[in-house]
Amino acid sequence: MVSLGEVFDGVTVAALAGSRVYGRGLAYFDGGKVELAAVRDGRLQATVRGTMPYMVELWVGEGGPQWSCTCPAAEDGSFCKHAVAIALSLEAGNERTGSRSVEKEDRALSRGSSWGSTSAEDDDLAAFVEGLGSKRLAEIVLDQAASDWRLRELLLAEVQAARGAGPDTGVWRRRIDRAFAPGEYSRGGFITYYEAPGWAAGIDEVIDALDGLCDTGHHDAAARLAEHAHRCAEKAIEYVDDSDGWLTGFSERLSELHLRACEADPPDPAGLAARLVELELGSDLIGFDRCAATYREVLGAEGLAAFRVRLDSHRTQIDIDGDHGFGGDFKLQNALAGWALGTRDPDFLIEVYSLSRPHADDYLDIVDVLDRVGRVDEAMDWARRGLAEWGSRSYMAGGLRNFLAGRLRDRGEDGAAVELYWQAFASDPSVSAYSRLLLEDDQQDWLRRCGDHLRGALSSRQRVGDDRTSTPDAAFRWPGSPVPQTASALVSILLYEGMIDEAWQAANDYGAGSETWLTLARARERDHPLDAIAVYEQSALATVESKNAKLYQSAVDLAARIRRLADSAGEPGRFSSLLERLRAEHRPKRKLQALLDAQGW
């Protein structure tokens, strides 16, 4: 009998979910959001805590994977992030399998793998290839190489490596130049937003080939060609609509390849330092930012010293302004910070960052280097300074808070560590800040304490009649009034704890955003269908009022949901009234009327 682990293996789960949903599910699994996993009658049942607890089941049926989840995303049969998290928990408990990175799954999917492929098929293919005669295998490979330039170049690189010769870098440079040139993908020499994906696909192929060149042992050639490609990417800024960040992605891939090649075969340290300084200061792309820190081990003391000399030669050309950093030259300031991180010189790092207002990440850099060199008390002091400056923005100061809390716990000051997280919640309340409190101290009644704090803050707010956002119609009305962060946090925390009725009441008392109202409506459909209908009505009407014809289908889908709920509640008139409004008030919207006609309404 086929086991769940065999059916819901890593490749299958990634294929069912897609890379984006897989990544979100992986984050849920890594975040410990899977609870109460058990297998009963061949079905894996578990709870995943998202915006609210969702029940998930995985099982084998009809010869393949089957699943269900109570979340909205799975209503159409999609393999949601909650199902991914459960499948990963199954895999983690199976000693036969290991985890695979999202990046590897993405590459496997991009090469055409499907959830139907199996390891048995791979074994059969391997056995067949191994049994082929050398002549037939050579024919197959050479035939493919005739039309696949990447395979051809890989084979040539293997030949050259066997002979102790290097690849023809001139040929490679010309191929890189052709890939980056506007060519067939441009109109008048400029690559538009819609043309960019096709252009970018060719560059990705070239970078893949450079990876292969590095793998065959041509490390120096791969590194220098990566530098050439990076300069081409820099020039492309002038003629590409890079709204989707293609150039940033190329910069990061090329810098990763470059580092790998240099680590495999370290170049002359001083020469490498000169090349890195040029790559960092000469580009607006970020791949080689702070490269002295990234290449610390490769450069060594000699290379880092040469790197600093090169930076100082640039620094002397700039009039240093104590109020604005290095004359506005952010790249140079960043490079000097990278050198300080690479040499682990906290005093110079403080000097660099003090020339402008340090960001939360700058404080964290200082704290990390001070801690690494054993100056722990100073590191804690700088962490406190950073929290005083940025602590009200929890999403920025999380690293500082975690460091300081860890060091306080090391000294036995657990209460002070927990207080840091309470201060974070009080200044910037959210469900993530609440869940962190649960993690830090599971003995306190955080639900009561946080709830009392939020309700106290809300009761002190001055609310004026029609400006309230505590009804669904106000939440969906455009332009709506902003919902207090404290209200959003309170409702989200109650949902997180599975307290649906209390969350509904809090939303009615203090307000909630439109997405939260929809989440509440879905949670109350079974026991309070009329409450759900009240929310769906406002959402459907607001969608139609937006005058975006592409969204009319979602409004009709909501109307169908309302009809089902109204019938189950014994009040079919609720649907009839909505339909009359849609017909009468929006008669000129022909696409909407056609969609209603298609339903037979």
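Residues numbered from 1 in each chain as written. Predicted model: local features only at pLDDT ≥ 70, side-chain atom pairs only at ≥ 80, totals over all residues. Heavy atoms only, no water.

(A) Geometry of the pairing of strand β4 (residues 64-69). Relative to β4, strand β3 (residues 53-61) runs antiparallel, the two being bridged by six bridges. Looking at the pairing, Val60 lines up with Pro65 of β4. (Pairing = 2+ DSSP bridges. Helix = DSSP H or I, 4+ residues; strand = E, 2+ residues; numbered from the N terminus.)

(B) Focus on a nonpolar patch on the surface. A cluster of nonpolar side chains, Leu125, Phe128, Val129 and Leu137, forms an exposed patch at the surface whose accessible area comes to about 360 Å². When residues in the nonpolar patch are grouped by element, the largest group, three residues, is from helix α6 (residues 119-131). Its relative accessible area of 32% is what places Leu137 among the partly exposed residues. (Patch = residues over 30% accessible without salt bridge, like charges linked within 9 Å, V, L, I, M, F, W, Y side chains within 5 Å. Areas by Shrake-Rupley, 256 points an atom, 1.4 Å probe, with all protein chains shown as cover. Salt bridge = Lys/Arg side-chain N within 4 Å of Asp/Glu carboxyl O. Buried < 20%, exposed > 50% of the residue type's maximum accessible area, 1.4 Å probe, protein only.)

(C) Looking closely at the confidence of the model for the chain. Chain-level statistics for the chain give a pLDDT mean of 85 and a share of 88% at 70 or above. No element of the chain has a lower mean pLDDT than helix α5 (residues 102-110), which averages 35, and none a higher one than helix α14 (residues 291-294), which averages 97. Within the model, pLDDT remains below 50 along residues 319-328, and this stretch shows 21 contacts once partners closer than five positions in the same chain are excluded. (pLDDT = per-residue confidence, 0-100. Contact = heavy atoms within 4.5 Å.)

(D) Representation of unusual backbone geometry within the structure. For Arg290, which is not glycine, the phi torsion reads 55 degrees and is therefore positive. Of note in this structure, Arg344 is not a glycine but carries a positive phi near 55 degrees. Tracing the sequence through the fold places Arg344 in the loop between α16 (330-343) and α17 (346-353). Judged by its relative accessible area of 32%, Arg344 falls in the partly exposed class.

(E) Region of the structure containing the packing of aromatic side chains. Per the stated rule, a full pass over the model turns up 13 aromatic pairs. Aromatic pair Tyr193 and Tyr194: ring centres 5.3 Å apart, planes at 90 degrees, arrangement edge-to-face. Take Tyr193: its relative accessible area is 33%, and that puts it in the partly exposed class. Between Trp504 and Trp517, the ring centres sit 5.3 Å apart and the planes meet at 85 degrees, which makes this aromatic pair edge-to-face. With Trp504 in helix α26 (residues 500-510) and Trp517 in helix α27 (residues 514-524), this pair connects stretches of sequence that are 13 residues apart. The exposure class of Trp517 is buried, given its relative accessible area of 0%. Of the aromatic side chains, those joined through ring pairs into one cluster are Phe8, Trp67 and Phe79. Over the aromatic face of Trp422 sits the side chain of Arg449, whose NZ or CZ is 4.0 Å from the ring centroid. (Phe/Tyr/Trp six-rings, centres within 6.5 Å; stacked < 30°, edge-to-face > 60°. Lys NZ or Arg CZ within 6 Å of the ring centre and 35° of its normal.)

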